[in-house]
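# Inside the fold
Single-letter residue listing:
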Amino acid sequence: MPWSAPTTVDTVRISTTSGAVRVIAESGRREVTSSTGAIVRDGGPVTIDGGSSKVVVRVPEGTALVIGSTSGRVVTEGRVGAVSVVTASGRISVADAASVDARSASGRIEVGRADGECRVVATSGRVDIGSCGGADASSESGRIVVSDARGPVRAHCTSGKIQLTIAGAHDIEAETVSGRIEVSFPEGVRPSVVDSAAEVTSERAGHDCIVVARSGAGRIVVSGR
């Protein structure tokens, strides 16, 4: 039997020890419901403990989420507020959020759209970010792709390709020990490409933005489109 909290809330906290988490944000909804695990509200955010079961939670559109999972996939659907997700093992997929802070020890991380900044850490797994206000992404082992950044981007990985598509004249820092770096700017943007942060001040005159790019073994390509 589903559990429900009939009051409108700003933040929902969800935890599972072993089990997938699926959050569905719905326009017009006024209550929080959960497929399993009692909903607790003690004067603060709504808290849901899914235990070792798969949990499906429905929330009002724009609700902020704090999700922790030891093992299991985490998926959000619909428009949510600020999202913070930590999982030891499992894929993370966020469709549409105000901002994203996602960390996975083992598993791919995907963000479709975020109005603000995306902070993403994947110890082992690919990082895919669609549209975002800016990004700070790292992966020990796995490719990093940012498809439409409307702000500054920092991307670091030990082994993997970094591919960044930038919407305007924004500063970029990209570093990989083993892998190619590709940065694409709109036509007319004049980036200066350097390999050290110490060179940024001297190179900024006459350029729209700075790209600090370093690759131990791989080409660095900065282009317009």
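Please refer to the structure higher up on the page.
Residues numbered from 1 in each chain as written. Predicted model: local features only at pLDDT ≥ 70, side-chain atom pairs only at ≥ 80, totals over all residues. Heavy atoms only, no water.

### Let's talk about the overall build of the protein
We count it as follows: By the criteria applied, helices consist of DSSP H or I runs no shorter than four residues and strands consist of E runs no shorter than two, each listed in order from the N terminus. For the exposure calls, accessible area comes from a 1.4 Å probe over protein chains only, and a residue counts as buried if that area is under 20% of its type's maximum, exposed if over 50%, partly exposed in between. Here, residues are in contact when the closest pair of their heavy atoms is within 4.5 Å. In this description, accessible areas are obtained by the Shrake-Rupley approach with a 1.4 Å probe, and a residue is regarded as covered only by the protein chains that are shown. Counted as positive: Lys and Arg. Counted as negative: Asp and Glu. His and the chain ends are not counted at all. For this purpose, a charge sits on NZ of Lys, CZ of Arg, CG of Asp or CD of Glu.
In terms of regular secondary structure, the protein is built from one helix and 22 strands. Seen through its C-alpha atoms, the protein measures out along the principal axes to roughly 60 × 30 × 25 Å. By residue count, 44% of the 225 residues in the protein fall in the buried class. Of the contacts formed within the protein by residues at least 6 apart in sequence, a portion of 34% connects residues at least 24 apart. Working note: accessible area of the protein is about 9,900 Å², and carbon and sulfur atoms make up 48% of it. Both charge centroids of the protein, one from 25 positive and one from 25 negative side chains, sit 5 Å from each other.

### Focus on the pairing of strand β9 (residues 74-89)
Rule in force here: DSSP bridges decide pairing: two strands pair if at least two such bridges lie between them.
Pairing between strand β3 (residues 21-26) and β9: four bridges, direction parallel. From the neighbouring strand, R22 faces β9, where its bridge partner is V75. Direction of pairing for strand β8 (residues 64-71) relative to β9: parallel, over a ladder of six bridges. Opposite S71, over in β9, you have S89 as the bridge partner.

### Points about the state of the cysteines
The criterion, for reference: Cysteine sulfur pairs qualify as disulfides if the two atoms are within 2.5 Å.
Tallying each qualifying case throughout the model produces zero disulfides. Unpaired in this structure, C118 has its nearest cysteine sulfur neighbour in C132, at a distance of 5.0 Å. Judged by relative accessible area, C118 falls into the buried class, the value being 0%. Owing to a relative accessible area of 0%, C132 belongs among the buried residues under this scheme.

### Focus: the nonpolar core
Let me state the cut-off plainly: We call a set of buried residues a nonpolar core when its members are Ala, Val, Leu, Ile, Met, Phe, Trp, Tyr or Cys and they connect through side-chain atoms within 4.5 Å of each other.
Core analysis: the largest hydrophobic core is formed by 53 residues, its most contacted members being V12, I14, V32, I48, I129 and L164. Ranked by residue count, the leading element in this core is strand β10 (residues 92-104), at five residues. Beyond its immediate chain neighbours, meaning those up to four positions away, I14 contacts V21, V23, I48, V55, V57, V66, I67 and G68.

### Remarks on the pairing of strand β6 (residues 46-51)
Only one face of β6 is covered, namely the one carrying V46, I48 and G50; the face carrying T47, D49 and G51 has none of its residues buried. In the sheet, strand β2 (residues 11-16) pairs with β6 via five bridges, with the strands oriented parallel. Pairing of I14 across the sheet is with I48, part of β6. Taken together, the two bridges between strand β5 (residues 39-40) and β6 define a ladder with antiparallel strand orientation. What sits directly across from I39, in β6, is I48.

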